[in-house]
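# An overview of the molecular structure
What follows is the residue order along each chain.
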Protein chains: 2
Amino acid sequence: MSADPASPERILAPAVARASAVLDLLARSGRPATLAELARALQLPKSSLHGLCATLEQLNLITRLDGGQMTLGPHVMMWANAFMARLDITQEFFASWDDMRVLPEETITLSVRDGAEVVYIACRNGQHPLGLRFHAGMRLPAVYTATGLAMLSTLPDASVRKLLDGLPGGWPVPLTDHGLRDTAAVIDELRRIRQRRYSTDREWVREGMYCYGAPVFDSHHPEAVAGVAVSIRSLEANPALEERAGQAIRKLADRLSERLGAWRRP
Amino acid sequence: MSADPASPERILAPAVARASAVLDLLARSGRPATLAELARALQLPKSSLHGLCATLEQLNLITRLDGGQMTLGPHVMMWANAFMARLDITQEFFASWDDMRVLPEETITLSVRDGAEVVYIACRNGQHPLGLRFHAGMRLPAVYTATGLAMLSTLPDASVRKLLDGLPGGWPVPLTDHGLRDTAAVIDELRRIRQRRYSTDREWVREGMYCYGAPVFDSHHPEAVAGVAVSIRSLEANPALEERAGQAIRKLADRLSERLGAWRRP
């Protein structure tokens, strides 16, 4: 989520927030943009964007094409690689799941939280069509996803309230007819998740799909650094299978947390 | 490469350059840092870093631990995923190489250029030990690597001169006793690469290792967006094998460029 000019929190480095907004826009649009297009979309004068983009280009954060259009530059990879190195569990994620031999043909996903959204980092789509193919880079509102709720359940309630009540765009647009519809419902659900030790998404992302998630910890952060989930067809769900899926994803999350040194936490 | 305060090019948005330097430092150190540590390393007053870091935290570009230490935040993944989506050839990279059945057991790498360095994006280490294991996220000076030289060969000479003559830290520290030692030698080598249509690294990265590289293009950029290389043990090299490796990597680069729509370039 980008900082919004209307956000209640004061932005102490506005140029940095604008630079981030430029990169967000280029990331979202997925195609090169001109200075004029950026100025229009961000409602900023071209004159102020000019210096900002020149600096972003010097930093290799944007690349300029011959026609002057801009795309994201390679320097973003330096940060992403460092971020991912801390979370170097992608291989282990797939291998551990296979090793556990529980629901081996189902869809599994690994995501991180970016504000009130989750970003999928690694996904393996299963044999059974879910009406949705997960892919790395995909973003969804955290409150509708099993991984997102699992991660939110590791935050203090006050932080969750601050996060969800302060969303610049208001409550996330529902993806189906189901799902949590306000902060109070989320707080209630998080309490259940902490008791049960896994989260559920019951057709909150997609009709016909149930997901079960759990949080992954590392050695540094008291809050989850990632979430994992397994997705099944709601048609097949029954209490025994749901409990099996929940326990399995919990076990996977614990293995990955161990790999990241969570138990060595000072 | 970060913008350096001593760089001859004027920085029009200094707060953005400082923010980028903070993220670079966190990426390089690979462990959480305090405000005091950042201030010391970047030679900036704590007071000016305070507002910068608060904004970076609001933007989810840094995450603050309980003790106040900072690590890279998940929002960097949004940009990286968008950058990589444009370059969504990792799977094809491995599959195409296997499909070609030339030197199937050798090490292959895919990298992008970030200023005067290359960043490895995808690597498969071969059966034969090279004294070096490539891994995603690894960075090397472009002038010593086959992928880097292949990408540089797609720039005009003037751009290469500007890039290499303006390096804040001076000429990249040699990795072995071999390799190009000044801009003029690079310009000469790039001419040979354009004629031969593949680049070579002859023990410039590691004693005992030769690499052969070629540039990958997309539909938007006149310059290469990535480079691919195959690495072999120098002991085994002979003119026939070298030509075979060069032609194979060239063919792989052409396939990936086709996949990225390079031939549809307007």
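Scroll up to find the structure this text is about.
One structure accompanies this document, and this report is about it. Just so it is clear, the model here is predicted, and its values are computed rather than measured.

### Considerations on the sheet that holds strand 4 (residues 117–124) of chain A
Residues and elements named next belong to chain A. With respect to topology, six strands assemble into an open sheet ordered 5-4-3-8-7-6, the strand pairing being antiparallel. Edge positions in the open sheet fall to strand 5 (139–141) and strand 6 (199–202), since each of these has one partner strand only. Sheet twist, expressed as the mean angle between neighbouring strand axes with direction ignored, is 30°. Looking at chain direction, strand 4 and strand 5 are connected through three bridges and run antiparallel. Bridge pairing in strand 5 places E117 opposite P141.

### Re the side chain of B:T147
Of note, B:T147 is situated in helix 6 (residues 146–152). In contact with B:T147, other than residues within four places in its own chain, are B:T109, B:S111, B:V118, B:Y120, B:G227, B:V228 and B:A229.

### So, the interface of chain B and chain A
Listed by partner, the interface residues are 56 residues for chain B and 56 residues for chain A. Between chain B and chain A, the buried area comes to about 4700 Å², and carbon and sulfur atoms account for 69% of it. Counting the surface chain B buries against chain A, the share from its top three residues, B:Q58, B:M78 and B:W79, is 15%. The tally of links between chain B and chain A comes to 14 residue pairs in polar contact (both at pLDDT 80 or more). Those elements that place two or more of their residues in the side of chain B that touches chain A are helix 1 (14–29), helix 3 (46–58), strand 2 (70–72), helix 4 (76–86), strand 3 (107–114) and strand 4 (117–124) of chain B. A per-element tally of the side of chain B that touches chain A places helix 4 of chain B first, with ten residues. Residue composition of the side of chain B that touches chain A, by class: 33 nonpolar, 14 polar and nine charged.

### Points about the relation of the copies chain B and chain A
Put simply, the second copy of the chain is the first one after a rotation about an axis and a shift along it. Rotating chain B by 180° and translating it 0.0 Å along the rotation axis places it on chain A, where the RMSD comes to 0.0 Å. What we have between these two chains is a two-fold relation. When C-alpha positions in chain B are compared against the rotation axis, the closest is assigned to B:V16, at 2.5 Å. The overlap is high: 100% of the interface residues of chain B also sit at the interface in chain A, so the same surface is used on both sides.

### Here we look at the packing of aromatic side chains
Pairs of aromatic rings are described using the distance from one ring centre to the other and the angle between the two planes. Residues and elements named next belong to chain A. Following the criterion strictly, the structure yields seven aromatic pairs over all chains and no others. Ring centres 5.0 Å apart and planes at 50° place the aromatic pair F93 and F94 in the tilted group. Given a relative accessible area of 0%, F93 falls into the buried group. Taking the ring centre of Y210 as reference, the NZ or CZ of R202 above it sits at 5.2 Å.

Thresholds applied
- Residues numbered from 1 in each chain as written.
- Chains lettered and ligands numbered in written order.
- Predicted model: local features only at pLDDT ≥ 70, side-chain atom pairs only at ≥ 80, totals over all residues.
- Heavy atoms only, no water.
- Pairing = 2+ DSSP bridges.
- Helix = DSSP H or I, 4+ residues; strand = E, 2+ residues; numbered from the N terminus.
- Axes fitted to C-alpha atoms, helices over the stretch in contact; angles between N-to-C directions.
- Contact = heavy atoms within 4.5 Å.
- Buried area = accessible area lost by both parts, 1.4 Å probe.
- Polar contact = N/O pair within 3.5 Å; in protein donor to acceptor, adjacent residues only side chain to side chain.
- Nonpolar A, V, L, I, M, F, W, Y, C, P; charged D, E, K, R; others polar.
- Least-squares fit on C-alpha atoms with pLDDT ≥ 70 in both.
- Phe/Tyr/Trp six-rings, centres within 6.5 Å; stacked < 30°, edge-to-face > 60°.
- Buried < 20%, exposed > 50% of the residue type's maximum accessible area, 1.4 Å probe, protein only.
- Lys NZ or Arg CZ within 6 Å of the ring centre and 35° of its normal.

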